[in-house]
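The lines below spell out each chain.
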Amino acid sequence: MPMTENFKNRLFPVLPEICDHFRTPFHIYDETGIRETGEKLKKVFTAIDGFKEFFAVKALPNPSILSIMRDMAFGFDCSSVPELVLTRRIGARGEEIMFTSNNTTIEDFEAALDDGGCILNLDDISLIEKLPVVPGLISFRYNPGPRRSGNTIIGNPVEAKYGVSHDQIRHAYKKMRDLGTERFGLHTMLVSNERCHEYMVETAKMLLDMVEWLSGELGIQFEFINIGGGLGIPYRPEDRPLDIEAMGREITKVFEAFKARNGDAPRLYMESGRYMTGPHGVLVTKAINHKDIYRKYIGVDACMSALMRPGMYNTYHHIDVLGKDLTETTAETVDVVGSLCENIDKFAVQRRLPKIEAGDTLVIQDTGAHGHAMGFNYNAKLRPQELLLRKDGTVERIRRAETMADYFSTLNFEKSAMAPKSP
Ligand SMILES: *Cc1c(COP(=O)(O)O)cnc(C)c1O
């Protein structure tokens, strides 16, 4: 069940008018759906004191979307300085922002601690030396290594570049404690697009066990655990959705058991990107060419600059053709392709779709996270505009399409040259 019936009912009747007004291609996001998912997430964790979602900005870094998140009292997970600046522009400050960087520089830390600061989530023990000041509050990203298996997108923890190893984690907190840090959290991020809720329950349990151990060893208190993002969504019609209610119930039990043993429990933080916005966005594109060689190809007016996932991860995105139902008598097996000079520039491979004519509108689904944001300019392809379908039915352009001038902006500049001395 990729796109919900509700989103379809909101969008499809008005889509021809939206296409006429803004022209294709575009990603369009559904404010109503995003808010419903946000409220659902809060609801399943109401029994845990201080649950907070820090939206993973990289999934959909648009100020209009981030403002919706902030309106729901969510924080933000940033991993680069421009992402920090973006969240601060919409008004987020201090502990509303988590900075989860890796391979970090002193300049990154300086920017993170500037302008109201944020929660620093450190990726490595060696980064302690790069901190310009000793922060009052800190968390480390824990990498359990062989203690856990990861999943396909994010990989096996042993091979992942992220986090502090099990052998180093105690020392990492001890070092910060000895330097004078007084407030602590513990973070991990082990999976991506995981639809099995038990995995996240295990992660919460693992972190709370670590908290018990580290508190006992070092005499420090933990204010929060952050179980990361990585909650999955069903991209294929036959995919079973994540059972978020069961996840909420079981994590709540894990917290209650911790509280019974220790009298109190840390807050629960999470940093979902995909789960929050993935299903609430679609890429709308028009068929412009039809090609019949060894296979049938439908050429559309968007390309992988708008959506990298199929080419990069070989993933499935469901496609509807506006106004045409899929019936066996009319179906054709086609590849849906863009115009990039790369054979991986395909939105669908050998897909059964209703017979498509030039001018037909294709709705490529589940592009609300890691869609537009991942796009690139290879082959001088420009990224499309982003639209937002508001709760009241109005449609706003929240990012314009890139232009040639944008493409040339890094080439039109004051040239700088040097003549290396010969050895
Ligand atoms: C990418 C990322 C996320 C978000 O992942 P989703 O799969 O979109 O939930 C959260 N935390 C960190 C550290 C990330 O790198």
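Starting from 1, residues in each chain are numbered consecutively following that chain's sequence as written. Only residues with pLDDT of 70 or above have their local features reported here, since the model is predicted, and side-chain atom pairs are shown and tallied only from 80 upward, although totals for entire chains, interfaces and linings are computed over all residues. Note: side-chain values were computed over all heavy atoms of the structure, leaving out hydrogens and water.

Examining the overall build of the chain
Across its full length, the chain holds twelve helices and 18 strands. The globule rule puts the C-alpha radius of gyration for 423 residues at 22 Å, and the 23 Å found for the chain is close to it. By principal-axis analysis of the C-alpha atoms, the chain measures approximately 70 × 65 × 40 Å. Within the chain, the proportion of its 423 residues that are buried is 53%. In this description a helix means any DSSP run of H or I spanning at least four residues, a strand means any run of E spanning at least two, and both kinds are numbered starting from the N terminus. Atoms counted for the radius of gyration: C-alpha only. Globule rule: 2.2 Å times residue count to the power 0.38. Under the scheme applied here, a residue whose accessible area is under 20% of the maximum for its type counts as buried, over 50% as exposed, and between as partly exposed, the area being computed with a 1.4 Å probe on protein chains only.

With respect to the nonpolar core
Within the largest apolar cluster, 77 residues are counted, with the highest numbers of intra-cluster contacts made by Phe45, Tyr173, Ile227, Met247 and Ile251. With eleven residues, the top contributor of residues to this core is helix H8 (residues 197-218). Among the nonpolar cores identified, the runner-up in size contains 17 residues, and Leu283, Leu353, Ile356 and Leu362 belong to it. By convention a nonpolar core is built from buried Ala, Val, Leu, Ile, Met, Phe, Trp, Tyr and Cys residues, the set being connected through side-chain atoms within 4.5 Å.

Concerning the site of the ligand
Near is defined per residue: the residue qualifies when any heavy atom it owns lies within 4 Å of the molecule or strand. In the neighbourhood of the ligand, 14 residues make up the surrounding shell, with Lys58, Gly230, Glu271, Arg274 and His370 lying closest. What qualifies as a polar contact is a pair of N or O atoms within 3.5 Å, subject to a donor-acceptor requirement within protein and to the restriction that residues adjacent in sequence count only when both atoms come from side chains. One of the backbone nitrogen or oxygen atoms of Gly230 is found 2.8 Å away from an oxygen atom of the ligand. Between an oxygen atom of the ligand and a side-chain N or O atom of His370, the distance comes to 2.7 Å. Methods summary: accessible areas were calculated by the Shrake-Rupley approach with a probe of 1.4 Å, and residue burial reflects only the protein chains presented. When the ligand is considered free in solution it has 390 Å² of accessible area, and contact with the protein chains removes 89% of it.

Some points on the side chain of Glu194
Summarising the element assignment, Glu194 is placed in the loop between strand S8 (183-187) and H8. Residues scored as positive are Lys and Arg, those scored as negative are Asp and Glu, and His as well as the terminal groups of each chain are ignored. Salt bridge, as used here: a side-chain nitrogen of Lys or Arg that lies within 4 Å of a carboxyl oxygen of Asp or Glu. One buried charged side chain, Glu194, makes no salt bridge at all; its nearest oppositely charged neighbour is Arg195, positioned 7.2 Å away. A distance of 3.1 Å separates the side chain of Glu194 from the backbone nitrogen of Cys196, its partner in a polar contact.

Brief notes about the packing of aromatic side chains
The rule is short: rings of Phe, Tyr and Trp, with Trp giving its six-membered ring, pair when the centres are within 6.5 Å, and they are stacked under 30 degrees, edge-to-face over 60, tilted in between. Counting across every chain of the model gives nine aromatic pairs. Pairing Tyr407 with Phe408 gives two aromatic rings, centres 5.6 Å apart and planes at 90°, and the pair type is edge-to-face. Overall, the relative accessible area of 31% leaves Tyr407 in the partly exposed class. Joined through ring pairs, the aromatic side chains of Phe140, Tyr173, Phe184 and Phe222 make up one cluster. A ring has a charge above it when a Lys NZ or an Arg CZ is no more than 6 Å from the ring centre and no more than 35 degrees off the ring normal. Cation over ring: Arg141 sits above Tyr162, and NZ or CZ is 4.2 Å from the ring centre. The ring centre of Tyr199 lies 4.3 Å from the NZ or CZ of Arg148, which sits over that ring.

Some details on the pairing of strand S12 (residues 296-300)
Along S12, four of the five residues are buried, which leaves the element largely enclosed by surrounding structure. Two strands are said to pair when DSSP picks up at least two bridges between them. Here strand S11 (residues 281-292) hands over to S12 after three residues, the two strands then running antiparallel side by side. Both S12 and strand S14 (residues 331-337) contribute to a ladder of three bridges, which runs parallel. Considered in S14, the bridge of Ile298 is made with Val336.

Brief notes about the domain arrangement of the chain
Domain delimitation follows an automatic or database domain assignment. Split into domains, the chain comes out as domain 1 (31-277) and domain 2 (279-397). Here the C-alpha centre of domain 2 lies 33 Å away from the C-alpha centre of domain 1. By definition, residues are in contact when any of their heavy atoms lie within 4.5 Å. The interface is formed by 25 residues belonging to domain 1 together with 19 residues belonging to domain 2. Counting each side, the surface lost to burial between domain 1 and domain 2 is near 1,900 Å², with a carbon and sulfur contribution of 56%. Here's the idea: put two parts together, see how much 1.4 Å probe accessible area each one loses, and the total over both is what we call buried area. For domain 1, the biggest contributors to the area lost against domain 2 are Glu31, Tyr235 and Thr277; these three give 32% of the whole. Counting every contact that joins domain 1 to domain 2 gives one salt bridge.

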